[in-house]
Amino acid sequence: MVLIGAHVRGDDPVAAATEVDAQAVQIFLADPQGWKKPVRRPDADALIDSGLGIYAHAPYLVNVASTNNRIRIPSRNMIAQHAAAAADLGARGLIVHGGHVGEGDDIAVGIDNWRKTFARAEYPLRVLVENTAGGENACARTLDRWAMLWDAIGEYEVGVCLDTCHAWAAGEDLETIVERLTAITGRIDLVHANSSRDEHGSSRDRHANFATGTIPAELIAHVVREAGCDVVVETPGERQAEDVAFLKAALAG
């Protein structure tokens, strides 16, 4: 069964899920802007027993594509640490941004750094690589880059997270994005259903609620239907429950 979930605050995910009527939750397991190793949550057993689908999102600093050893090596360690912590919660996947190389660096080196990440380690749950919104040096922004990336990592136990706001910001056609992405990867494991505060092709990653964003709400629902997998709403909290309810109604119709 496809679950419709939400990215929720970390202090009480079960209560937050109830507030927005979510069937799944996405949480950070440590400071999303830091390098600290996650520790087991005091409410871990309650979260496991809640029956909610659980997804974990790696910190934003993680960038295994980087040519900088001081970023790439800690990033690999972070994926391993967060994957272990997420697996302890029975999570369905760990989401990691596609990352980027530095100005003037060869994108092929970043792609190969992704390959080495999976070639050198096995993880206790599936790592889901997420498309990103902007940057000419990004490894997972456009479908051309996705094709390069998948040629390098597709043989490993790796999954795909498709973010609608990021794809919109990258200038991709959301009407056909699922068909075109699955033609490359053969799979989409999770959709991040978000509208955008900015226009198509803006390269800006600023999420908006469905009712106020620039992406037609039905177009977001179309992507979710076509993907046929779990979905997590990452829209601003004040109207997040409306967005979850919209998707439930759209998928039931």
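Everything below is about the structure shown above.
All residue numbers refer to positions counted from 1 along the written sequence of the respective chain. Side-chain atom pairs in this predicted model are given and counted only at pLDDT of 80 or more, local residue features only at pLDDT of at least 70, and totals for whole chains, interfaces and linings cover all residues. Excluded from the side-chain calculation are hydrogens and water; included are all heavy atoms of the structure.

Chemist: Help me understand the nonpolar core, please; the structure alone is not making it clear to me.
Modeler: One recurring pattern in soluble globular proteins: nonpolar side chains tend to sit buried together. Definition used in this section: a nonpolar core is a set of buried Ala, Val, Leu, Ile, Met, Phe, Trp, Tyr and Cys residues joined via side-chain atoms within 4.5 Å. Burial classes: relative accessible area under 20% of the type maximum marks a residue as buried, over 50% as exposed, and values in between as partly exposed (1.4 Å probe, protein chains only). Core analysis: the largest hydrophobic core is formed by 72 residues, its most contacted members being Trp114, Trp146, Ile153, Ile188, Val191, Ala193 and Leu247. The secondary structure listing takes helices from DSSP runs of H or I that are at least 4 residues long and strands from runs of E that are at least 2 residues long, numbered from the N terminus. Element by element, the count of residues in this core is highest for helix 8 (residues 217–227), at seven residues. Residues within four places of leucine 247 in sequence aside, it is in contact with Ile4, Ala193, Phe210, Ala221, Val224, Val231 and Val233. Judged by nonpolar contacts, the second largest core, of six residues, contains Ile95, Leu128, Leu190 and Val232. Residue contacts are defined here by distance: any two heavy atoms, one from each residue, within 4.5 Å place the two residues in contact.

Chemist: Can you walk me through the sheet that holds strand 6 (residues 158–163) in this structure?
Modeler: The strands that make up a sheet pair up through hydrogen bonds in the backbone, lying either parallel or antiparallel. Strands are treated as partners if at least two bridges between them are detected by DSSP. Strand order in the closed barrel made by the eight strands is 1-2-3-4-5-6-7-10, with parallel pairing throughout. The sheet shows a mean angle of 30 degrees between the axes of neighbouring strands, taken without regard to direction. Sheet topology places strand 1 (residues 4–7) next to strand 2 (residues 24–28); three bridges connect them, and they run parallel. Across the sheet, residue histidine 7 finds its bridge partner in strand 2, namely glutamine 26. Between N-to-C directions, angles span 0 to 180 degrees; the directions come from axes that are lines fitted to C-alpha atoms, helices contributing only their stretch in contact. Contacting strand 5 (127–130) and strand 6, helix 5 (residues 143–153) crosses the sheet at an angle of about 160 degrees to strand 6.

Chemist: What am I meant to see in the packing of aromatic side chains here?
Modeler: Aromatic ring pairs are defined here through the distance separating the ring centres and the angle between the ring planes. Working definition: a ring pair exists when centres of Phe, Tyr or Trp rings (six-membered ring for Trp) sit within 6.5 Å. Plane angles under 30 degrees give stacked, over 60 give edge-to-face, the rest tilted. Inspection of every chain in the model, using the stated rule, returns six aromatic pairs. Centroid distance phenylalanine 118 to tyrosine 156: 6.3 Å. Interplanar angle 20 degrees. Geometry classified as stacked. Of this pair, phenylalanine 118 sits in helix 4 (residues 107–119) while tyrosine 156 sits in the loop between helix 5 and strand 6, and the two are 38 residues apart along the sequence. Residue phenylalanine 118 is classed as buried on the basis of its relative accessible area of 6%.

Chemist: Any chance you could explain empty space enclosed by the protein here in plain terms?
Modeler: It is a probe the size of a water molecule, rolled over the atoms, that shows where empty space is left. Only protein atoms enter the 1 Å grid used here. Points where a 1.4 Å probe fits but cannot escape make up a cavity, open sets with protein on both sides within 12 Å along at least five of seven lines make up a pocket, and a residue lines them when an atom lies within 4 Å of a point. Grid points are joined across faces, edges and corners, and a volume is the space filled by probe spheres set on the points. Counted under the stated rule, the structure contains one cavity of 30 Å³ or more. Approximately 40 Å³ is the volume attributed to the largest cavity. What lines the largest cavity is Asn131, Arg141, Leu143, Trp146, Leu162, Ala167, Glu172, Ile177 and Leu181. Contributing elements (two or more residues each) for the lining of the largest cavity: helix 5 and helix 7 (177–185). Split into classes, the residues belonging to the lining of the largest cavity amount to six nonpolar, one polar and two charged. The nonpolar class holds Ala, Val, Leu, Ile, Met, Phe, Trp, Tyr, Cys and Pro. Asp, Glu, Lys and Arg form the charged class, and all remaining residues, Gly among them, are polar.

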